[in-house]
Amino acid sequence: MSNVAALRPEQAVDRFGYRHIGVTPVTPTIGAEISGVDLRQPINADVAADIQKALHDWRVVFFRDQDIDNDQLKAFGRAFGPLTPAHPISEGLEDHPEIWERSVEEYRARRNRNDVAPPGREPPRDYKGWHIDITFVANPNRYSILQGVEIPPFGGDTLFTNLVAAYEGLSAPIRTLINGLQAVHRTSGYDGADAKLRRDGRSAGPFAALHPLVRVHPETGEKLLFLNPETISHIVGLKEPESKALLDLLFYEATRPEYQVRFHWKPKSLVVWDNQAVAHAGPIDYSHFDLPRAVRRITVAGDLTRGPDGFVSQPLEGELFNVLG
């Protein structure tokens with residue numbers, strides 16, 4: 001793939017407005033590859049501003065051939081704001097508490113637990129792992145940055161979906177209906193399965209938060225579906241069948257193929273997504289391959305979410321997702 005689609009650099013500046021990076025869109029609605037940046041070196045404010053613009057334009061951006069260590073990964077993340085601890089529940093690396101490492105073996109263990117679990121009152125919804133990061137707190141992270149550490153030659157892809165496009169694709173009556181609704185997000189069985197006493201003394205949960213069903217993006221002002229199938233328990237003020245039916249409709253809309261991009265990992269790849277406007281799923285095929293896979297993630301601190309009616313998210317249980325202090 002060329003650095004800036006099929007355009008000469010001066011044309012790319014005219015079309016997209018980027019002056020310090022190359023940007024190659026992957027689909028018309030979401031995803032772009034970034035070139036012309038070496039993350040082994042600190043990025044300056046101009047490069048960071050271009051990358052942030054690309055995040056707002058394309059929601060998720062992909063870097064290739066970035067051979068960086070943990071300190072360089074964190075330095076890159078800090079160009080966009082203060083970093084959070086690795087996760088509200090799970091511990092980060094001992095020498096790098098901001099970094100959360102995940103391996104495919106953990107996903108397989110989760111699947112095994114689910115396979116032997118007794119049936120509940122209702123079968124669990126199956127949305128193939130779609131989620132927004134850490135919405136069981138009232139201030140989910142702003143951006144997520146994921147680095148490939150051990151990548152198989154095939155399998156382990158990640159999907160991303162554009163929640164702004166999903167909201168804009170709804171009919172006007174449905175948008176009017178959901179603009180003033182709120183939903184409860186709780187620690188999922190997946191997030192809470194390994195909760196234990198933390199080294200840093202922070203609470204490991206449980207967590208719960210009340211969020212608007214439609215979020216106003218704090219930087220662009222766009223409206224988007226704020227949906228997390230893994231943590232939403234119900235919509236406040238609706239009867240249970242109404243809540244379930246509406247959530248099923250919105251989850252379907254949010255994951256329509258035309259709003260998605262699929263990222264095929266390679267060694268030394270790095271992905272940054274706007275967690276304020278994107279849901280993702282991955283590794284989507286972990287149960288079908290036996291090769292090792294490991295990734296490391298850092299997150300940039302975010303704000304309380306706001307709805308179009310002015311509602312501000314509220315913590316219901318547990319503390320906020322604060323930066324390391």
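Fair warning: this is a prediction, and the values are worked out from it, not measured in the lab. (Residues numbered from 1 in each chain as written. Predicted model: local features only at pLDDT ≥ 70, side-chain atom pairs only at ≥ 80, totals over all residues. Heavy atoms only, no water.)

Below, the discussion takes up the confidence of the model for the protein chain. Residues at a pLDDT of 70 or more form 83% of the protein chain, whose mean pLDDT is 87. Here residues 1-12 scores under 50 on pLDDT; set against residues more than four positions off or in separate chains, the count is 17 contacts. (pLDDT = per-residue confidence, 0-100. Contact = heavy atoms within 4.5 Å.)

A sheet is described by the order of its strands in space; here four strands give the open sequence β12-β8-β9-β17, paired in antiparallel fashion. The open sheet terminates on both sides in strands that have one partner only, identified here as β12 (232-235) and β17 (314-317). Taken pair by pair, the neighbouring strands of this sheet meet at an average axis angle of 25 degrees, ignoring direction. Note that strand β8 (residues 182-186) and β12 share three bridges and pair antiparallel. Within β12, the position partnered with valine 184 by the bridge is histidine 234. (Pairing = 2+ DSSP bridges. Helix = DSSP H or I, 4+ residues; strand = E, 2+ residues; numbered from the N terminus. Axes fitted to C-alpha atoms, helices over the stretch in contact; angles between N-to-C directions.)

Moving on to the pattern of salt bridges. Per the stated rule, a full pass over the model turns up 13 salt bridges. Ionic pairing is found between glutamate 222 and arginine 59, a salt bridge with its closest N-O pair at 2.9 Å. With glutamate 222 in the loop between β10 (214-216) and β11 (223-225) and arginine 59 in the loop between α2 (45-58) and β4 (60-63), this residue pair connects regions lying 163 residues apart in the sequence. The class for glutamate 222 is partly exposed, based on a relative accessible area of 22%. Judged by relative accessible area, arginine 59 falls into the buried class, the value being 6%. In this structure, glutamate 219 and arginine 142 form a salt bridge, with 2.3 Å as the shortest nitrogen-oxygen distance. In this pair, glutamate 219 is assigned in the loop between β10 and β11 and arginine 142 in the loop between α4 (104-116) and β6 (143-150), connecting sequence segments 77 residues apart. (Salt bridge = Lys/Arg side-chain N within 4 Å of Asp/Glu carboxyl O. Buried < 20%, exposed > 50% of the residue type's maximum accessible area, 1.4 Å probe, protein only.)

A separate point is unusual backbone geometry. Here the residue pair glycine 282 and proline 283 is connected by a cis peptide bond, since its omega of -10 degrees sits within 30 degrees of zero. With respect to the element layout, proline 283 can be found in the loop between β15 (278-281) and β16 (294-300). A positive phi angle, near 75 degrees, is found at arginine 59, a position not held by glycine.

A few words on the environment of aspartate 67. As for its placement among the helices and strands, aspartate 67 is situated in the loop between β4 and α3 (70-78). As for aspartate 67 and serine 269, which are separated by 202 residues in sequence, their C-alpha atoms are 8.4 Å apart. Contact partners of aspartate 67, with chain neighbours within four places excluded, come to Arg40, Gln72 and Lys268.

This part is about the pairing of β15. In β15, alternate side chains face the same way, and those of Val278 and His280 on one face and Ala279 and Ala281 on the other are all buried. Bridge count between strand β7 (residues 158-162) and β15: four bridges; the pairing is antiparallel. For asparagine 162, the partnering residue across the bridge sits in β15 and is valine 278.

Reading across the sheet, the three strands line up as β13-β7-β15 and stay open at both edges, with antiparallel pairing between neighbours. Pairing within the sheet leaves two strands with one partner each, and these edge strands are β13 (260-263) and β15. On average, each strand axis in the sheet is tilted by 20 degrees relative to the strand beside it, whichever way the strands run. As judged from the four bridges shared by β7 and β13, these two strands associate in the antiparallel manner.

What follows deals with the packing of aromatic side chains. In the structure shown here, the tally under the stated rule is eight aromatic pairs. Seen from their ring centres, phenylalanine 76 and phenylalanine 80 are 5.3 Å apart, and the 85 degrees between their planes marks the pair as edge-to-face. In this structure phenylalanine 76 comes out as buried when scored by relative accessible area, which is 3%. Plain terms: the ring middles of phenylalanine 136 and phenylalanine 207 are 5.5 Å apart, the flat faces sit at 40 degrees to each other, and that makes the pair tilted. Here phenylalanine 136 is found in the loop between α4 and β6, whereas its partner phenylalanine 207 is found in the loop between α7 (189-192) and β9 (208-212), with 71 residues between them in sequence. When sorted by exposure, phenylalanine 136 lands in the same class as phenylalanine 207, which is buried. (Phe/Tyr/Trp six-rings, centres within 6.5 Å; stacked < 30°, edge-to-face > 60°.)

Next up on the list: α2. For α2, built from 14 residues, the straight-helix expectation of 20 Å at 1.5 Å per residue is met to within 8% by its first-to-last C-alpha distance of 20 Å. Between the side-chain oxygen at the start of α2 and the backbone nitrogen of aspartate 46 there is a gap of 3.1 Å, and the oxygen is on asparagine 44. The positive-phi residue at the C-terminal boundary of α2 is arginine 59, with phi of around 75 degrees. (Expected span 1.5 Å × (residues − 1). Polar contact = N/O pair within 3.5 Å; in protein donor to acceptor, adjacent residues only side chain to side chain.)

A few words now on α3. Of all the positions in α3, only Asn70, Leu73, Lys74, Phe76 and Gly77 are classed as buried. Viewed along the axis of α3, the buried residues span an arc of 155 degrees, placing them on a single side of the element. Of the surrounding elements, those touching the buried residues of α3 are α2, β4, β6, β14 (270-274) and β16. At the N-terminal end of α3, a side-chain oxygen is found 3.2 Å from the backbone nitrogen of aspartate 71, two or three residues along, and the residue is aspartate 69. (Arc of directions from axis to C-beta.)

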